[in-house]
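Next come the chains, spelled out residue by residue.
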Amino acid sequence: LDDSASEAPKKKVGRRMTNAEVAELHSWILYKDDEVLVINKPAGLPTQGGTGQTKHLDGMLDALRFEADYRPRLVHRLDKDTSGALLLGRTPNATAALAEAFKSRETEKRYFALVMGVPNPSEGRIKLTMEKAPIKGNERMVVSADGKHSVTDYIIVDKAQPAASWLALRPLTGRTHQLRLHCAEMGHPIVGDGKYGGADAFLSGSISKKMHLHSYFISFPHPAGGTVTVTAPLPEHMAASFDMLGFSLNEYEDELGGEQ
């Protein structure tokens, strides 16, 4: 899952980009005004740098300055293998206001996930206390009585029984890997998430082995007033999997009564 980018500030190191890379980055933009950017982060691109990571979104943000002097700032993060809507501030005041909206839970996010099997009941709330595994170098979260609380609402949008289900996930907290751990602990790991689901997280046949978790929807209070809502198209591998399983995006609003 994502969590506040302000929790772990890192030194900003830009990287030289080719014209083609800049054009590709600009093609990810879903929403842009003088204060806010929302981009559709591709799966496989880290949000921030880490051990052995030379290419990451945070190192590419100079290419999103446009006419502004201020370098856009990440307001939250998405896992490397999670795709979808990612919010950035284009001014210091906007960045601070957007970060505060995350902290106060005024920002709403919805994710799509393809999970193994069919959860029962078909909708519900997952509550766990979780913390980082006490193993050096292992970026993995575990359930722990001493961990931080985490809450996710889920609903089945569609299912290809008994193999897999399409879930809409609404995180009410923003812990690292929250959705991945919650789905695995529910007994229905996200397809392609070998870290939390092991060998049981992969479908046979031609379904992609990439992780099927996508930040589809974000709604946030704009720093200048009002509310902005943005949706992000599915990545190619998830769109192909949904098509193969007979899932239609039109089912989403039907199952949730049109409420987003």
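Keep in mind it's a predicted model, so treat the numbers as computed, not measured. (Residues numbered from 1 in each chain as written. Predicted model: local features only at pLDDT ≥ 70, side-chain atom pairs only at ≥ 80, totals over all residues. Heavy atoms only, no water.)

Quick notes on the confidence of the model for the chain
Next, step 1: Per-residue pLDDT for the chain averages 90, and the proportion of residues at 70 or more is 88%.
Next, step 2: Every residue in residues 6-11 is under pLDDT 50, and counting partners more than four places away or in other chains gives five contacts. (pLDDT = per-residue confidence, 0-100. Contact = heavy atoms within 4.5 Å.)

A short note on the packing of aromatic side chains
Next, step 1: With the rule as written, the count across this model stands at five aromatic pairs.
Next, step 2: Both rings, one in F242 and one in F247, keep their centres 5.6 Å apart while their planes meet at 85 degrees; by these two values the pair is edge-to-face. Across the pair, exposure class does not vary: F242 and F247 are buried alike.
Next, step 3: Joined through ring pairs, the aromatic side chains of F112, W166, Y216, F242 and F247 make up one cluster.
Next, step 4: Positioned above the aromatic ring of F217, the side-chain terminus of R110 is 5.9 Å from the ring centre. (Phe/Tyr/Trp six-rings, centres within 6.5 Å; stacked < 30°, edge-to-face > 60°. Buried < 20%, exposed > 50% of the residue type's maximum accessible area, 1.4 Å probe, protein only. Lys NZ or Arg CZ within 6 Å of the ring centre and 35° of its normal.)

Quick look at helix 3 (residues 178-185)
Next, step 1: Helix 3 sits mainly inside the fold: seven of its eight residues count as buried.
Next, step 2: Of the positions making up helix 3, those classed as buried are Q178, L179, R180, L181, H182, C183 and A184.
Next, step 3: Downstream of helix 3 by one or two residues, G187 has phi in the positive range, about 90 degrees. (Helix = DSSP H or I, 4+ residues; strand = E, 2+ residues; numbered from the N terminus.)

Here's the deal with the environment of K127
Next, step 1: Within the fold, K127 resides in strand 6 (residues 123-132).
Next, step 2: Taking C-alpha positions, K127 is 8.9 Å from D153, a pair spaced 26 residues apart along the chain.
Next, step 3: Residues contacting K127, with those up to four places away along its chain left out, are S150 and V151.

Let's talk about the nonpolar core
Next, step 1: If you look at the biggest cluster of nonpolar residues, it comprises 33 residues, and the most contacted ones within it are L25, W28, I39, L57, L169, I190 and L213.
Next, step 2: Contributions of two or more residues to this core are made by strand 2 (36-41), strand 4 (83-89), strand 5 (108-116), strand 6, strand 8 (148-160), strand 9 (164-171) and helix 3.
Next, step 3: When residues in this core are grouped by element, the largest group, four residues, is from helix 3.
Next, step 4: Each residue touching L169, except ones within four places of it in the same chain, is listed here: K109, R110, Y111, A113, T152, D153, Y154, L179, C183 and L213.
Next, step 5: Listed in part, the 18 residues of the second largest apolar core include A164, I207, Y216 and L234. (Core = buried A, V, L, I, M, F, W, Y, C linked by side-chain atoms within 4.5 Å.)

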